[in-house]
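As a plain string of letters, each chain reads:
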Amino acid sequence: MKAAIFPSRYVQGKDSINIIGDELSRLGSEVLCLLSPSGLDYFQTPIKTSAEGKVNLHIEPFNRECCDPEIERLVRCGKEKNVNLVMGVGGGKILDTAKAVAYQLNTPVVIVPTIASNDAPCASVSVIYTPEGEYDRYLFLPKNPDLVLVDTQIIAESPVRFLVSGMGDALATWFEAEDCKISHGKNTTGYLGTKTAYHLARFCYDMILENGLKAKVACQNKMVNSALENVVEANVLLSGLGFESGGLSAAHSIHNGLTMLEETHHFWHGEKVTIGLLAMLFLTERSQSIIDEVYTFCESVGLPTTLEQIGVTNLDRDYLIPVAKRACSTEETIHNLPFDLTPEIVLDSLLIANQEGKNSH
Ligand SMILES: [Zn+2]
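Residues numbered from 1 in each chain as written. Predicted model: local features only at pLDDT ≥ 70, side-chain atom pairs only at ≥ 80, totals over all residues. Heavy atoms only, no water.

Asks: When you look at the overall build of the protein chain in this model, what are you seeing that I'm missing?
Replies: The number of helices and strands found in the protein chain is 13 helices and eight strands. Dimensions along the principal axes, computed over C-alpha positions, put the protein chain at roughly 60 × 40 × 40 Å. Here the protein chain holds 361 residues, and 59% of them are scored as buried. Within the protein chain, contacts between residues at least 6 apart in sequence are counted, and of these 78% link residues at least 24 apart. Total accessible area computed for the protein chain in this model is approximately 14,400 Å², and 51% of it derives from carbon and sulfur atoms. Averaged over its 29 positive side-chain charges, the protein chain has a centre that lies 4 Å from the centre of its 45 negative ones. (Helix = DSSP H or I, 4+ residues; strand = E, 2+ residues; numbered from the N terminus. Buried < 20%, exposed > 50% of the residue type's maximum accessible area, 1.4 Å probe, protein only. Contact = heavy atoms within 4.5 Å. Areas by Shrake-Rupley, 256 points an atom, 1.4 Å probe, with all protein chains shown as cover. Lys, Arg positive; Asp, Glu negative; His and termini not counted. Charge placed at Lys NZ, Arg CZ, Asp CG, Glu CD.)

Rendered as structure tokens:
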């Protein structure tokens, strides 16, 4: 059996925030709108202007972490205000929280990423962290978001590091999907991936490689060009479809292992996934030409290629082995690899990838 899942509607474009009112009114009338404290300054006015006379907004500041206490607080808030639609405006954690809250309130959910730093927006999964910021679990939701709206001018004005980090997350998508395809690994639905999903994952990789550097330059200049549009589409839509319906494998499991180290908490999901991907390239014995292609791209856009670049300076095996053990725990997608593995082999790959990163390309 194969399955693929998609968000119901995807809107992307420069200044698309200005049509959010029309888009919201298709789905509900009383909207719980989650915004970060800084998001309130930037996005409150255009959202209110666009929503005027179309829906009632109940704006609620988000408390930084996508964790159970915060989700419970917002669910209570949504019940008190009798909302019939939840919208998250911001980064990955706020969006994941919006999805979890909408699920518990049994309402549709609208996702408005203000950075393109990962592929969570389109997905039917939330990553739940502990209140201290450590990875806790995936929360699989019964459906994908009802709308994902990306304003590329907002992305262009966001810090360039976010866009680049999203490229790292998107870069891993094809390799993880390819492993699932080879090993008949299951995607997030529990079924096999569709050919459509594998092609989208491959298209994602090609789009990132072709447009990544030009998009970075556009973002540095706060400008929207076609490369930036393409990379945003790859980071948010293609990578989301590719990972969810193609499947995950080692890169994300190694990421989850790395989050055990407190010193990596200041680094972004896509940056840690990049290190996971580089280790995975060695773990799965990808060709030297692929390894060179990925390292060269990472270096060109400024993605990390060494452990030190994600804060890890202690390279002792005893210190790092818990990371590899966590990556190999039974529920992890690393077991979608087409062979058996041990934490020792995963750690070897991580250290080899780190050494490769130290060698200049
Ligand atoms: Zn990811």
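Here the narrative resumes.
Asks: I would appreciate a short explanation of the sheet that holds strand S4 (residues 85–90) in the present structure.
Replies: Strand pairing in a sheet takes place through backbone hydrogen bonds and is either antiparallel or parallel in direction. Across the sheet, six strands lie side by side as S1-S8-S5-S4-S2-S3; this open sheet has parallel pairing. Looking at strand neighbours, the two that pair on one side only are strand S1 (10–13) and strand S3 (56–61), the edges of this open sheet. Across the sheet, the mean angle from the axis of one strand to that of its neighbour is 15 degrees, orientation sign disregarded. For S1 and strand S8 (residues 147–151), the ladder comprises four bridges, and the chain directions are parallel. Opposite valine 11, over in S8, you have leucine 149 as the bridge partner. Packed onto the sheet, helix H8 (residues 226–246) meets S1 and S8 and runs at close to 155 degrees relative to S1. (Pairing = 2+ DSSP bridges. Axes fitted to C-alpha atoms, helices over the stretch in contact; angles between N-to-C directions.)

Asks: Sorry, what's going on with the coordination of the zinc ion here?
Replies: Each pair of donors in an ideal octahedron of six around a metal sits at 90 or 180 degrees, and each pair in an ideal tetrahedron of four sits at 109.5 degrees. The zinc ion binds to the protein through Asp169 (OD), Asp169 (OD), His252 (NE2) and His269 (NE2); the donor distances cover 2.1 to 2.8 Å. Considering all four donor atoms around the zinc ion, the spread of angles at the metal, 51 to 145 degrees, places the coordination shape in the irregular class. When the donors of the zinc ion are listed by position in the chain, the intervening gaps give D-x82-H-x16-H. Of this pair, aspartate 169 sits in helix H6 (residues 160–183) while histidine 252 sits in helix H9 (residues 250–258); the two residues are 83 residues apart in sequence, bridging distant segments of the chain. For the pair aspartate 169 and histidine 252, a shared accessibility class is recorded, and that class is buried. (Donors = N, O, S within 2.8 Å, 3.2 Å for Na, K, Ca; no water. Tetrahedral: all angles 85-135°; square planar, octahedral: opposite > 155°, others 65-115°.)

Asks: Just to check I follow, could you spell out the nonpolar core for this structure?
Replies: One recurring pattern in soluble globular proteins is that nonpolar side chains are buried together. Leu163, Leu171, Ile254, Leu277 and Val294 are the most contacted members of the largest nonpolar core, which has 90 residues in total. Two domains share this core, each providing at least three of its residues, namely domain 1 (10–156) and domain 2 (160–358). Not counting chain neighbours up to four residues away, the residues in contact with leucine 277 comprise Leu171, Ala172, Phe175, Ala251 and Val294. Residues Ile20, Val31, Phe43 and Val55 belong to the second largest nonpolar core, which totals 20 residues. (Core = buried A, V, L, I, M, F, W, Y, C linked by side-chain atoms within 4.5 Å. Domains from an automatic or database assignment.)

Asks: For this particular structure, what's the right way to read the packing of helix H7 (residues 195–220) against H8?
Replies: Working note: a packed helix pair is described by the angle between its axes plus the distance between those axes. Orientation of H7 relative to H8, taken along the N-to-C sense of each, is 150 degrees, at an axis distance of 7 Å. The angle between the axes of H7 and H8 places the two elements in the roughly antiparallel class. Relative to H8, the crossing made by H7 is left-handed. Split into classes, the residues belonging to the contact of H7 with H8 amount to 17 nonpolar, eight polar and one charged. (Parallel < 35°, antiparallel > 145°, perpendicular 65-115°, else oblique. Left-handed = near helix turned anticlockwise from the far one by under 90°. Nonpolar A, V, L, I, M, F, W, Y, C, P; charged D, E, K, R; others polar.)

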